[in-house]
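Chain by chain, the residues run as shown.
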There are 2 protein chains.
Amino acid sequence: MSSSDEEESMPSDYEIAQSADPVPIWDLLEPWDLGNEDLQYYGEYKAKVEHHAVERLREDAEDRANNLVLVTGMTPTPLGEGKTVTTVGLGQTLDHIGEDAMIAIREPSLGPVFGVKGGAAGGGYSQVLPMEDINLHFTGDLHALTAAHNLVAAMLDAKVSQGNELNVDVNDVAWPRALDMNDRALRETVVGLGGKSGGTPREDGFLLTAASEMMAVLCLASDLEDLKERIARIIVAYDDDGEPITVDDIEATGAVAMLLRDAIKPNIVQTIEGTPAFVHGGPFANIAHGTNSLIADKAAFGMGDYLVTEAGFGSDLGAEKFMNIVCRLGDMTPNAVVMVASVRALKYHGEDMWPADFDAIEEAGVDAIERGFENLDKHVENLQKFGVPVVVAVNRFPDDTDEEVQTVLDHCRDDLDVKAAESTVFGEGSEGGEELAERVVTEVENNDPEEFSPLYEDEASIKEKIETVATEIYGADGVTYTGTADEDIERMERLGFEEFPVCLSKTFHSLSDDASEKGAPEDWTLEVREIYPSAGAGFLVALTGDVLTMPGLPADPAAADMDIDEDGNISGLF
Amino acid sequence: MSSSDEEESMPSDYEIAQSADPVPIWDLLEPWDLGNEDLQYYGEYKAKVEHHAVERLREDAEDRANNLVLVTGMTPTPLGEGKTVTTVGLGQTLDHIGEDAMIAIREPSLGPVFGVKGGAAGGGYSQVLPMEDINLHFTGDLHALTAAHNLVAAMLDAKVSQGNELNVDVNDVAWPRALDMNDRALRETVVGLGGKSGGTPREDGFLLTAASEMMAVLCLASDLEDLKERIARIIVAYDDDGEPITVDDIEATGAVAMLLRDAIKPNIVQTIEGTPAFVHGGPFANIAHGTNSLIADKAAFGMGDYLVTEAGFGSDLGAEKFMNIVCRLGDMTPNAVVMVASVRALKYHGEDMWPADFDAIEEAGVDAIERGFENLDKHVENLQKFGVPVVVAVNRFPDDTDEEVQTVLDHCRDDLDVKAAESTVFGEGSEGGEELAERVVTEVENNDPEEFSPLYEDEASIKEKIETVATEIYGADGVTYTGTADEDIERMERLGFEEFPVCLSKTFHSLSDDASEKGAPEDWTLEVREIYPSAGAGFLVALTGDVLTMPGLPADPAAADMDIDEDGNISGLF
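Everything quoted here is computed from the prediction, not taken from an experiment.

Chemist: Please set out the interface of chain A and chain B residue by residue, giving values where relevant.
Modeler: By a widely used convention, the size of an interface equals the accessible area lost when the partners come together. On the chain B side, the residues contacting the 68 residues of chain A number 68 residues. Both faces considered, chain A and chain B share a buried interface measuring about 5900 Å² in area, 65% of it formed by carbon and sulfur atoms. Of all residues in chain A, Met258(A), Arg261(A) and Ile564(A) bury the most surface against chain B, accounting for 11% of the area lost on that side. Where chain A packs against chain B, one counts six salt bridges. A salt bridge links Lys228(B) to Asp563(A); its shortest N-O distance comes to 2.8 Å. With 10 residues, helix H7 (residues 141-161) of chain A is the largest single contributor of residues to the side of chain A that touches chain B.

This is how it looks when you write it as structure tokens:
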């Protein structure tokens, strides 16, 4: 999320992007011997890396340092605190101070672009280019996933309406449809109307494509073969006996994998300072794992000694899932974590407000920051439980005073005993990230990777896993199971999914399951109401509270202010 | 539609495509001075032509011959008679015999690819490459159109559910949603369920993206500015007073145009013999005009002396609309028409069968062919009414006998007095199209472009226009207006749309409005039940019979036989 709306003296993200002078992607990647046979171009500044080249980079990684730096954040305000900006800025700065660095981030979903004012390509002087392409159709991955998702839905409904030989229980369909568009009216629908020619009537709904298991599968697959195996396992419905019906059962595996043939190739672009960046995959960080593709990570390890990557929402969501799910499934070890904090978010917690009132936040004083530390402290403490060093990055906004920033830095040093640095990469690019980058390098060099471990073992029971995350990370006293949760767990065990890691879906507005609770809530119990398998991705999703998988447009959508002139120059896209 | 399923001794379309040796698109286009600044690459073999380069080609066209050859066909069997194959083959052959030729065809819709066994990139040795990319996501145009279409729908429903200040009548919404997927269950739906958070409940449905007015608009726009003006005019609903609500009224014009920024740039690829081909836009030929984009046509005129293009379905649909709508709106004059006939289709009409029985067709004799001539004759006669010379191409299938083919050629020469030639471009490439190409050149050289005229004037009344097409082209005795047709016409006149050309939506299985009637039906009346404006495209759609705008998957969809191996080689896509 850009903070351009805070900045009066600076040009907009798009203006900065337009004034940049990127080099053609073939020139950028020539030092890595990535040529015409290895790259699939999308215009002059975007490319996909072909499978054989990804394989070669994986081999190259064996001679590289494989230093993995994860960027995460405290519980953010609804505007975001600059995780992507910090990720891009840190990658650029590591290059700038003489380390070989690569960046890997998620690709934006088109839907939210039109809803709230905010793309997802970083911002200011720490963004990836071309930002307008990346925020719109990019290389078509989201569209390919939408098509793949909906082909499964169409083939399932065709099976139902043409004899239903698989005995699909139309009241136990686990595969809604998907669109990459914020469209509230599609949340809950009835389909199959209009008599026999319209198929079989049933309740249905639409997810945002980023929330589809297809996206999670793409981001966890190691190659095309693994992708196909994962697709085949996805459960789309249950039959009259409660037995799962998979994508393979409806004969869609091959066609779906074919639709994802290009989408699985990682996209590579450059930052505004010319650091190569993978932008690939973008699963939600609540019902899915919330980080870019493993394929991009593995390729990036072959191109630099450092990989800077980010995880969605606060550390209770994206970072926890990165440690407990992604590193487990992808056999990776993080060497340092950067925790993005902001004066704005600290005041938001200190004022204990809900919903966020940004005028009141601006007026709040240093005492509000100090009251807000309990949120930052809990996030830092959580990450330390994984055995990984933490560096706090205070992402400075234009209106932050020196005193405010220093208050945060002092707290980190004096009270938390963690390294911290101010970051002004938004306004200054790598010039604004040197202290942060140096602290990260120091921590990485002093780190013992053997100290890292996920918080639970594969063999722990499903309830033990859920309770570990709830108590250790969220700060809950325990967990209650309501709705179908207990029978869901029985079903998961019967189906042999008990060794899967758990993916808890929870609001990102609070460490707890209540969006209105700020700081570090205590004396509460997590309520889990439903558990279902993402059998293709390889984890169990536990639903808590109401998690929206299809956002809506606000009364005054960002789309209404967007335009393009006759020469193709766009406006209103930030 | 490929005829590969007829051919036992030949490799499949995909095998032929894989064995081809295309040149990189930058090398192919170098003779036209199209370089890195003029092209937006999509891999090594696909590119979009940038706006400034299209402008330059338009200027170059002033020094070119601008010979326009339209390929159309008789009433086809459900498998198609090879119009795209003939179009690609004729373009290649014109190059081969020393004329400078370009090709422009529609881009395939993803939906039908999974339903029936057939892509839409030509076939055999007359196909465009890379056929698998073109048949799947290609350069993302269909996906961009889907997003643009659904953004309008989401913004409209957001207006309705957030105060409805425009007084949208939810029972008079003219803008369904769209997907590029054959999905029967989405034909008729109810959306907006689930209480207040889900918006306002109402009936809705989904079109195939190719059937969206957005596609028609893209294909008729002359440039980005014109595109925006057309988008702004699109009518999405009516208010409580029956007044139209446009895309501009819901403030979606700029964002929608922005989404189509790349989609409006024409795509260029090459045929298997290296002739450049535009593949851009793909509107339906019943509720829309059924030909590729005008932008592609105009650019192509700057690159060759001949442009070979095709129109969808039989000449009663695509070609009639090309003459009466596209040439009118785009200020073009066709110099010759190629009418594709096949022994198979002639037997189908001669046997007067419905539905098609391909075993019976194979067994039918020369007498069936002769009885089927009445369909071919009517199509030829119709096209001659526009003042354009007609050449019949007999697209030879492997099992056709010499006697059968000669019977058709003799009939054309002796009974119709039109030029005709056998075409074997599917199996032989340009070697199989020489006679056809030479006859086309002769007709073009002898043609007087002044003789061309559409069948009705702008000033004719709506009913006069409809009746002209019905009686002159379809062979009806007259027209009856049922349903809302009469009040629709009043509304169109009141809204000032009476000078628009008319786009009749009718089955492609018959010259009449009854799919089961073969040959050249007489003594029947066309029933028009509804008329609505495509105000952005600039024509009125008149609905006759049931026209399906969202196909379904068959019981045994082609998708079930598709696959991709671990090296990315696909199978089952023809």
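Chemist: Break down the sheet that holds strand S7 (residues 168-173) of chain B for me, with residues and values.
Modeler: All names here are of chain B. Strand order in this open sheet of three strands is S7-S12-S13, and the pairing throughout is antiparallel. Of all strands in the sheet, those bounded by a partner on one side alone are S7 and strand S13 (244-246). Here the strands of the sheet are splayed against their neighbours by 50° on average, with no regard to which way each runs. Looking at chain direction, strand S12 (residues 235-239) and S13 are connected through three bridges and run antiparallel.

Chemist: Describe the domain arrangement of chain A, and please don't skip the residues or the numbers.
Modeler: Residue and element names in this part refer to chain A. Domain assignment breaks chain A into domain 1 (66-138 + 269-446), domain 2 (141-259) and domain 3 (462-544). A C-alpha centroid distance of 25 Å is found between domain 1 and domain 3. Of the roughly 2300 Å² buried between domain 1 and domain 3 on both sides combined, carbon and sulfur atoms contribute 66%. Linking domain 1 to domain 3 there are two salt bridges.

Chemist: So, the nonpolar core: which residues are in play, and what are the values?
Modeler: Within soluble globular proteins, side chains that are nonpolar tend to cluster in buried spots. Counting 361 residues, the largest nonpolar core has Phe114(A), Leu260(A), Phe114(B) and Leu260(B) as its most contacted members. When sequence neighbours within four positions are dropped, the list of residues in contact with Leu260(A) reads Ala144(A), Leu145(A), Ala148(A), Met214(A), Leu218(A), Leu227(A) and Ile231(A).

Chemist: So what's going on with the pattern of salt bridges? Which residues, and what values?
Modeler: In total, this model carries 71 salt bridges over all chains according to the counting rule given. Across the salt bridge formed by Lys385(A) and Glu472(A), the nearest N and O atoms sit 3.5 Å from each other. Taken as a pair, Lys385(A) in the loop between helix H15 (366-384) and strand S18 (390-395) and Glu472(A) in helix H19 (residues 462-474) lie far apart in primary sequence, 87 residues in all. Judged by its relative accessible area of 29%, Lys385(A) is partly exposed. Accessibility expressed as a relative area gives 33% for Glu472(A), which makes it partly exposed. Taking the shortest distance from any N to any O, the salt bridge between Arg413(B) and Asp410(B) comes out at 3.2 Å. One end of the pair is Arg413(B) and the other is Asp410(B), both in helix H16 (residues 402-416) and three residues apart, which spans about a single turn.

Chemist: How would you explain the sheet that holds strand S23 (residues 530-534) of chain A if you had to name every residue and give the values?
Modeler: Residue and element names in this part refer to chain A. In space, the three strands of this open sheet follow the order S21-S24-S23, with mixed pairing throughout. On the outer flanks of this sheet lie strand S21 (502-505) and S23, each paired with one strand and no other. Within the sheet, the average angular offset between the axes of one strand and its neighbour, ignoring direction, is 25°. Both S21 and strand S24 (residues 539-543) contribute to a ladder of four bridges, which runs parallel. From the neighbouring strand, Leu-504 faces S24, where its bridge partner is Ala-542. The strands touched by helix H20 (residues 485-494) are S23 and S24; relative to S23, the strand with the most contacts, the crossing angle is about 25°.

Chemist: Would you mind going over the relation of the copies chain A and chain B in detail, with residue names and values included?
Modeler: Rotating chain A by 180° and translating it 0.0 Å along the rotation axis places it on chain B, where the RMSD comes to 0.0 Å. In the structure described here, the two chain copies are related by an operation that fits a two-fold rotation axis. Taken as a fraction of all interface residues of chain A, those also at the interface in chain B reach 99%, which identifies the copy contact as same-surface.

Chemist: Please set out the pairing of strand S6 (residues 126-129) of chain B residue by residue, giving values where relevant.
Modeler: All names here are of chain B. Where burial is concerned, the two faces of S6 agree: the one with Ser-126 and Val-128 and the one with Gln-127 and Leu-129 are both buried. In this sheet, S6 lies alongside strand S5 (residues 122-123) in antiparallel orientation, the contact comprising two bridges. Looking across to S6, one finds that Gly-123 is bridged to Ser-126. In textbook terms, the turn of a hairpin is the stretch between consecutive antiparallel strands, and for S5 and S6 this stretch comprises two residues, one of which, Gly-124, has a positive phi near 55°.

Chemist: Could you give an account of the pairing of S23(A), with specific residues and numbers?
Modeler: Residue and element names in this part refer to chain A. Where S23 meets S24, five bridges bridge the pair, whose relative direction is antiparallel. Counterpart to Tyr-532 in the pairing with S24 is Val-541. Hairpin connection from S23 to S24: four residues lie between these consecutive antiparallel strands, with Gly-538 at a positive phi of about 95°.

Chemist: Describe in detail helix H19 (residues 462-474) of chain B, supporting the description with residues and values.
Modeler: Residues and elements named next belong to chain B. The end-to-end C-alpha distance of H19 is 17 Å, a good match for the 18 Å that 13 residues give at a rise of 1.5 Å each. Those residues of H19 that sit buried are Ile-462, Lys-465, Ile-466, Thr-468, Val-469, Ala-470, Ile-473 and Tyr-474. Gly-475 occupies a position one or two residues after H19 and carries a positive phi of about 85°.

Chemist: Talk me through the packing of H7(A) against helix H8 (residues 213-220) of chain A; I want residue IDs and the actual numbers.
Modeler: Residue and element names in this part refer to chain A. At their nearest, the axes of H7 and H8 sit 9 Å apart, and the two run at 125° to each other. It follows from the interaxial angle that H7 and H8 lie oblique. Relative to H8, the crossing made by H7 is right-handed. The segment H7 lies against H8, with Leu-142, Leu-145, Ala-148, His-149 and Val-152 engaging Met-214, Met-215 and Leu-218. Looking at the contact of H7 with H8 residue by residue, the class counts come to seven nonpolar, one polar and no charged.

Chemist: How would you sum up the packing of aromatic side chains? Please name residues and give values.
Modeler: Going through the model one piece at a time under the given rule, you end up with 10 aromatic pairs over all chains. Arranged with centres 5.6 Å apart and planes meeting at 5°, the rings of Phe206(A) and Phe206(B) form a pair that is stacked. Here Phe206(B) lies in strand S11 (residues 206-208) and Phe206(A) lies in strand S11 (residues 206-208), a pairing that spans two chains. Each member of the pair, Phe206(A) together with Phe206(B), is buried. Arranged with centres 4.9 Å apart and planes meeting at 75°, the rings of Trp26(B) and Tyr41(B) form a pair that is edge-to-face. Of this pair, Trp26(B) sits in helix H2 (residues 25-28) while Tyr41(B) sits in strand S1 (residues 39-41); the two residues are 15 residues apart in sequence, bridging distant segments of the chain. In this structure, Trp26(B) and Tyr41(B) share a single accessibility class: buried. Counting every residue linked through ring pairs, the aromatic cluster contains Trp26(A), Tyr41(A), Trp26(B) and Tyr41(B). Over the face of the ring belonging to Tyr481(B) we find Lys463(B), whose NZ or CZ atom lies 4.3 Å from the ring centre.

Conventions and cut-offs
- Residues numbered from 1 in each chain as written.
- Chains lettered and ligands numbered in written order.
- Predicted model: local features only at pLDDT ≥ 70, side-chain atom pairs only at ≥ 80, totals over all residues.
- Heavy atoms only, no water.
- Contact = heavy atoms within 4.5 Å.
- Buried area = accessible area lost by both parts, 1.4 Å probe.
- Salt bridge = Lys/Arg side-chain N within 4 Å of Asp/Glu carboxyl O.
- Helix = DSSP H or I, 4+ residues; strand = E, 2+ residues; numbered from the N terminus.
- Pairing = 2+ DSSP bridges.
- Axes fitted to C-alpha atoms, helices over the stretch in contact; angles between N-to-C directions.
- Domains from an automatic or database assignment.
- Core = buried A, V, L, I, M, F, W, Y, C linked by side-chain atoms within 4.5 Å.
- Buried < 20%, exposed > 50% of the residue type's maximum accessible area, 1.4 Å probe, protein only.
- Least-squares fit on C-alpha atoms with pLDDT ≥ 70 in both.
- Expected span 1.5 Å × (residues − 1).
- Parallel < 35°, antiparallel > 145°, perpendicular 65-115°, else oblique.
- Left-handed = near helix turned anticlockwise from the far one by under 90°.
- Nonpolar A, V, L, I, M, F, W, Y, C, P; charged D, E, K, R; others polar.
- Phe/Tyr/Trp six-rings, centres within 6.5 Å; stacked < 30°, edge-to-face > 60°.
- Lys NZ or Arg CZ within 6 Å of the ring centre and 35° of its normal.

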